[in-house]
Amino acid sequence: MKRTLQKLSMLLLTLVVGMGSAWADDVTTYLFTSNQWQSEVTKDNSSEIVNWLDPQGGNKYQAGRGIQVTVAKTGAHATSPVEFENVSQIVVTYSTNASKGAGEIVISVGDVTLTADGAITTSGGTTDRTLTYTAPNAVSGAITVTVNCTTNSIYLKKLEITHSSSSSVQKVATTVTYTGTATNEVVFGNEFTPARFVVDAADGTALIDAELTYESSNPDVAEVDEAGNVTINGAGTAVITATYAGDDNYYGGHASYTLTVTDPDADDRTETYLTFDGVEYEDDEPVVYNELGEDFYAPTATLWDIEDNEIAG
């Protein structure tokens, strides 16, 4: 009986250890491959090339060292193409230009800025060094990296992100694009056929079946139906917006174009007025005014007969 209990205990311990390893944190690595924040991402022994979002590029890319950011390019930054859950730490690999590089690398997850375990050092020069960034509590969101250089150059080589394994399936950012021109003009009475809106994911996937909703800022000028078709109603300007709501795998986004409708037959001149401020006019004295051009109505005046208290003429 005692030996049986010992075996059961060992079996339970093995199961617990096995379950513990199944729930271990994941590490996702981004190795930067261009000064425009392209990178090779590695996770679970597989890798692919991805582009970071909203990049402000560095000076250049140097093989083996990463993105070079000089004083002239200080503030270079980008945001990860996916969000991460429960980020516990981020290890940054960097180097500087000989012994002269100085500045800081700022890491944030969502709206939380992480704390580094040190500062950029000039000792070591072109050799790789690391900084480890941690948060008081695990945080979730997209990761934004900003490189501020105050002297010479800083090279950003790699990020290693430790996060919850539950975030192995992450939402991917998307971009909605109008394939036509941003500003369009049409004459009232003519039809307008809009170009297409397309949705592309940051991982390179074209979401050809993405469902879009459409809205016009000024239906009195142009209405838009559920398929994106436009009906012209009058002269003026309207902004047509297409929105992708996103789903369990992709974040939403939107894009728009401007449509201006002109009506050559419309009388859009500005009406003008004359005032007399108590000035008396003799009978049959003409009223003289300046010509104001084709954009204005010619002003008119009515003379009031002060003595008879009647409208003259």
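Bear in mind the structure is a predicted one, so any value in this text is a computation, not a measurement.

### Let's talk about the overall build of the protein chain
Now for step 1: The helix and strand tally for the protein chain stands at 1 helix and 22 strands.
Now for step 2: Buried residues in the protein chain amount to 34% of all 313 residues.
Now for step 3: Within the protein chain, residue pairs in contact and separated by at least 24 positions form 65% of the contacts whose partners lie at least 6 positions apart.
Now for step 4: For the protein chain, the exposed surface amounts to about 18,800 Å²; the carbon and sulfur share of it is 49%.

### Looking at the pairing of strand β20 (residues 253-262)
For a regular strand, the rule is simple: side chains alternate between the two faces of the sheet.
Now for step 1: Taking every second residue as pointing to the same face, the buried face of β20 carries G253, A255, Y257, L259 and V261, while none of H254, S256, T258, T260 and T262 on the other face is buried.
Now for step 2: In the sheet, strand β19 (residues 236-244) pairs with β20 via 9 bridges, with the strands oriented antiparallel. Note that in β20 the partner of G236 across the bridge is V261.

### Some details on the packing of aromatic side chains
Now for step 1: On inspection of all chains with the given rule, the structure shows 10 aromatic pairs.
Now for step 2: Ring centres 6.4 Å apart and planes at 90 degrees place the aromatic pair Y30 and F84 in the edge-to-face group. Taken together, the residues Y30 in strand β1 (residues 26-32) and F84 in strand β7 (residues 76-96) connect sequence positions 54 residues apart.
Now for step 3: The class of Y30 is buried, set by a relative accessible area of 3%.
Now for step 4: Counting every residue linked through ring pairs, the aromatic cluster contains Y30, F32, W37, W52 and F84.
Now for step 5: Its end group placed over the ring of Y155, R65 keeps NZ or CZ at 3.7 Å from the ring centre.

### Considerations on the environment of E160
Now for step 1: Along the chain, the position of E160 falls in strand β12 (residues 153-163).
Now for step 2: Note on E160: relative accessible area 27%, which makes it partly exposed.
Now for step 3: Put simply, E160 and V91 are 69 residues apart on the chain and 5.1 Å apart in space, counted from C-alpha to C-alpha.
Now for step 4: When residues no more than four places from it in sequence are discounted, the contact partners of E160 are V27, T28, T29, Q89, I90, V91 and T93.

### Quick look at the nonpolar core
Now for step 1: The biggest cluster of nonpolar side chains holds 59 residues, and the ones touching the most others in it are W37, I90, I105 and L159.
Now for step 2: Setting aside its immediate chain neighbours within four residues, I105 contacts V92, Y94, I120, Y133, V145, T146, V147, I154 and L156.

### Considering the side chain of T70
Now for step 1: Within the secondary structure layout, T70 lies in strand β6 (residues 66-70).
Now for step 2: In contact with T70, other than residues within four places in its own chain, are N59, C149, N152 and S153.

### What about the sheet that holds β20?
Now for step 1: Taken in spatial order, the 4 strands make up an open sheet running β14-β20-β19-β16, and their pairing is mixed. One side of each edge strand has no neighbouring strand; the edge strands of this open sheet are β14 (183-187) and β16 (212-216). Strand-to-strand twist of the sheet, defined as the mean angle between neighbouring strand axes without regard to direction, takes the value 25 degrees.

### Examining the confidence of the model for the protein chain
Now for step 1: A residue-level look at the protein chain finds 75% of positions with pLDDT of 70 or above and a mean pLDDT of 80.
Now for step 2: Every residue in residues 4-24 is under pLDDT 50, and counting partners more than four places away or in other chains gives 3 contacts.
Now for step 3: Note on residues 309-313: pLDDT is under 50 here. Beyond four places in sequence and across chains, it has 9 contacts.

### Quick word on unusual backbone geometry
Now for step 1: Although it is not a glycine, N86 sits at a positive phi angle of roughly 50 degrees.
Now for step 2: Mapped onto the secondary structure, N86 falls in strand β7.
Now for step 3: Classification of N86 as partly exposed rests on a relative accessible area of 35%.
Now for step 4: Residues other than glycine seldom take positive phi values, yet N152 does so here, at roughly 55 degrees.
Now for step 5: Considering the arrangement of structural elements, one finds N152 in the loop between β11 (129-151) and β12.

So, how was this worked out
- Residues numbered from 1 in each chain as written.
- Predicted model: local features only at pLDDT ≥ 70, side-chain atom pairs only at ≥ 80, totals over all residues.
- Heavy atoms only, no water.
- Helix = DSSP H or I, 4+ residues; strand = E, 2+ residues; numbered from the N terminus.
- Buried < 20%, exposed > 50% of the residue type's maximum accessible area, 1.4 Å probe, protein only.
- Contact = heavy atoms within 4.5 Å.
- Areas by Shrake-Rupley, 256 points an atom, 1.4 Å probe, with all protein chains shown as cover.
- Pairing = 2+ DSSP bridges.
- Phe/Tyr/Trp six-rings, centres within 6.5 Å; stacked < 30°, edge-to-face > 60°.
- Lys NZ or Arg CZ within 6 Å of the ring centre and 35° of its normal.
- Core = buried A, V, L, I, M, F, W, Y, C linked by side-chain atoms within 4.5 Å.
- Axes fitted to C-alpha atoms, helices over the stretch in contact; angles between N-to-C directions.
- pLDDT = per-residue confidence, 0-100.

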